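Architecture and fold: a report
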Amino acid sequence: MTPLPARCTPPGRPGAPARRLLADPAGSRLASVCRVRRFSLLAGEPRGHALVPTGTGRSRPLLSVLVPLSCAFVNLKPGVGKTTSAVWLAHALHESGMTPLLVDGDPAASALRWSELAGGFPFPVIALPVGDVHRRVNDFLGDRQAVVLDAPQLEDHPRITRSIMRYAGEWIVPVTPAPIELDRMAPIRGEMADVQSLRAEPARSAVLLNRTNRPDATRTGPDADAREALTEQGFEVLRTQIARLDLYAQSFGNPVQAKGSAYMDFAEELIKRQDEA
């Protein structure tokens, strides 16, 4: 099958030759991520090339295995921080030693535009705003160890978002601790149930509290109330939360340095969840 052409920015500045960054996971906390199970491709679960450690301390390619980490940011509405979170997470994974691929599934192509304005990201960014993303992503994987997918809002682009959800092993729902955002979670739960029925293996899902009042989880206040309300609705809420900071809000179009940010903790938490799965 001939893949649909996709816009792509290679690592580095626009127009520069693509570089393949192969991180050695041996000896790092990421090594365990490469212990993966084989799955069917019936529901579009990602299968491709991953790096596994060898006894010599070097990495070798392992063919036809589940990509160690595939994560999609989804929500019913726009403006909840999906693109910001996807870009920052991809940088955090890169700075952790992994080799990510960032897939921009939004027709607005905000992540792709960000990479262009920033002079390129240190990993590939591809635009795939199509309704069969789950069949096409593997054409661009190569030796990538992680795939981060930025999905458009479900209410306007359901076909694209559902396809992205068929591909990703982890669904992350960014939610701000506000009553109107919490009220929108019921329809999202229904969408998740519908897509799960299309998959050969169920995806994991969790809520990322975004634009919180405090950087760390607290026992009282709006952040804690939102966490409690979401838990009562049956959602798993990630330990990491992203504070409302200009560092993130004003970062569009600029180079990203994730070291020292909450997104490094977020990446580590996702890696641990994948390993435990």
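The coordinates are above.
What you see is a predicted model, and the numbers here were worked out from it, not measured in a lab.

The rules behind the values
Residues numbered from 1 in each chain as written. Predicted model: local features only at pLDDT ≥ 70, side-chain atom pairs only at ≥ 80, totals over all residues. Heavy atoms only, no water. Helix = DSSP H or I, 4+ residues; strand = E, 2+ residues; numbered from the N terminus. Buried < 20%, exposed > 50% of the residue type's maximum accessible area, 1.4 Å probe, protein only. Lys, Arg positive; Asp, Glu negative; His and termini not counted. Salt bridge = Lys/Arg side-chain N within 4 Å of Asp/Glu carboxyl O. Contact = heavy atoms within 4.5 Å.

Thoughts on the side chain of Asp150
- Note that Asp150 resides in strand S7 (residues 146-150).
- Look at Asp150: it is buried, it has no salt bridge, and the nearest opposite charge is Lys82 at 5.5 Å.
- Residues in contact with Asp150, not counting those within four places in the same chain, are Phe73, Lys82, Thr83, Ala86, Val103, Asp104, Gly105, Asp106, Ala111 and Ile164.

A word on the pattern of salt bridges
- Applying the stated criterion across every chain yields a total of eight salt bridges.
- A salt bridge links Glu170 to Arg273; the nearest nitrogen and oxygen atoms lie 2.6 Å apart. Within this pair, whereas Glu170 is found in strand S8 (residues 170-175), its partner Arg273 is found in helix H9 (residues 262-276), the two being separated by 103 residues in sequence. The pair Glu170 / Arg273 is uniform in exposure class, with both members buried.
- Here the salt bridges share partners, and the residues they tie into one network are Glu170, Arg204, Glu236 and Arg273.

Concerning the environment of Val195
- One can find Val195 in helix H6 (residues 185-196).
- For the pair Val195 and Ser163, spaced 32 residues apart in sequence, the C-alpha separation works out to 8.6 Å.
- Those residues in contact with Val195 that lie beyond four places of it in its chain are Arg162, Met165, Arg166 and Trp171.

Nothing here speaks to function; it is geometry throughout.
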